[in-house]
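# Structure assessment
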Amino acid sequence: MNTDEVRSIGYRIVNEFINNARMDIADELFSPNFVNHSPAEGVSSDLEGFKQYISMQHAAFSDFSLTIEDMIAEKDKGAVRMRFRGVHTGDYMGIPPTKKQVDTTVISILRFDNGKVLERWSVTNRLEVARQLGIL
């Protein structure tokens, strides 16, 4: 894959699949053998688990949005630094709604195979999220 293809799929994942919760396009973007190396607790590491995680995030945070701040593409990998924003209006990992705004950084690395995402690694500043929710 060339860097433009990697970037294009990365943008679609963030803007269509995640921000707009378009689960119907998952098969276009992800390999059937997809592995999420950073699954949330209680969620499987396959594509169904990742879709479940995205749905959980939307249920927990109204005004959910990821904004791409940086994207680097090289051969079969892409790295994306994003800003996550939302208002905590639903249950989030056992934490009842606080109505507080969350604004933090997420960094994800994607590996592609045959034009689709095969693997994902991601880090969210969960300590900052907990601080902003007032639970620390």
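In this report, the structure presented in the accompanying data block is examined. The shown structure was predicted, so the numbers you read here are calculated from the model rather than taken from an experiment.

### Observations concerning the pairing of strand S2 (residues 61–74)
Each regular strand carries side chains that alternate between the two faces of the sheet. Here 11 bridges tie S2 to strand S3 (residues 77–88), and the two strands are oriented antiparallel to one another. Bridge pairing in S3 links Ala73 to Gly78. Counting the residues in the hairpin turn of S2 and S3 gives 2 residues, including Lys75, whose phi is positive at 50°.

### Side note on the side chain of Gln132
Position of Gln132 relative to the elements: it lies in helix H4 (residues 126–133). The exposure class assigned to Gln132 is buried, which follows from its relative accessible area of 17%. A polar side-chain atom of Gln132 sits 2.7 Å from a polar atom in the side chain of Glu128. Residue contacts for Gln132: discarding those within four places in its chain leaves Lys100, Gln101, Val102 and Asp103.

### Thoughts on the nonpolar core
Ranked by size, the top nonpolar core spans 36 residues in total, and within it Ile13, Phe17, Ile18, Phe30, Phe50 and Val117 carry the most contacts. Every element with two or more residues in this core is listed here: helix H1 (3–18), helix H2 (26–29), strand S1 (30–36), helix H3 (47–60), S2, S3, strand S4 (101–113) and H4. Discounting residues that sit within four places of it in the chain, Ile13 has contacts with Ile18, Leu29, Phe30, Leu110 and Val117.

### Remarks on the pattern of salt bridges
In total, this model carries 13 salt bridges according to the counting rule given. Salt bridges here are not isolated pairs; linked through shared partners, they connect Glu69, Asp70, Arg81, Arg83, Arg85 and Asp103.

How each quantity is defined
In every chain, residue numbers begin from 1 and rise along the written sequence. The model is predicted, so local features are restricted to residues of pLDDT at least 70 and side-chain atom pairs to those at 80 or more, both for listing and for counting; the totals for chains, interfaces and linings are taken over all residues. The side-chain numbers reported here are obtained from all heavy atoms of the structure, hydrogens and water having been left aside. Criterion used throughout: strands pair if DSSP finds at least two bridges between them. Runs of E in the DSSP output that reach at least two residues are strands. Runs of H or I that reach at least four are helices, and both are numbered from the N terminus. Think of it in three bands: with a 1.4 Å probe and only protein chains considered, a residue is buried below 20% of the maximum accessible area for its type, exposed above 50%, and partly exposed in between. The term polar contact refers here to a pair of N or O atoms within 3.5 Å; inside protein, the definition further demands a hydrogen-donor-capable atom paired with an acceptor-capable atom, and it admits residues adjacent in sequence only when both atoms are side-chain atoms. Contacts are residue-level and defined by heavy atoms, with any inter-residue pair within 4.5 Å sufficient. Residues belong to a common nonpolar core when they are buried Ala, Val, Leu, Ile, Met, Phe, Trp, Tyr or Cys residues joined through side-chain atoms within 4.5 Å. Think of a salt bridge as a Lys or Arg side-chain nitrogen and an Asp or Glu carboxyl oxygen that are within 4 Å of each other.

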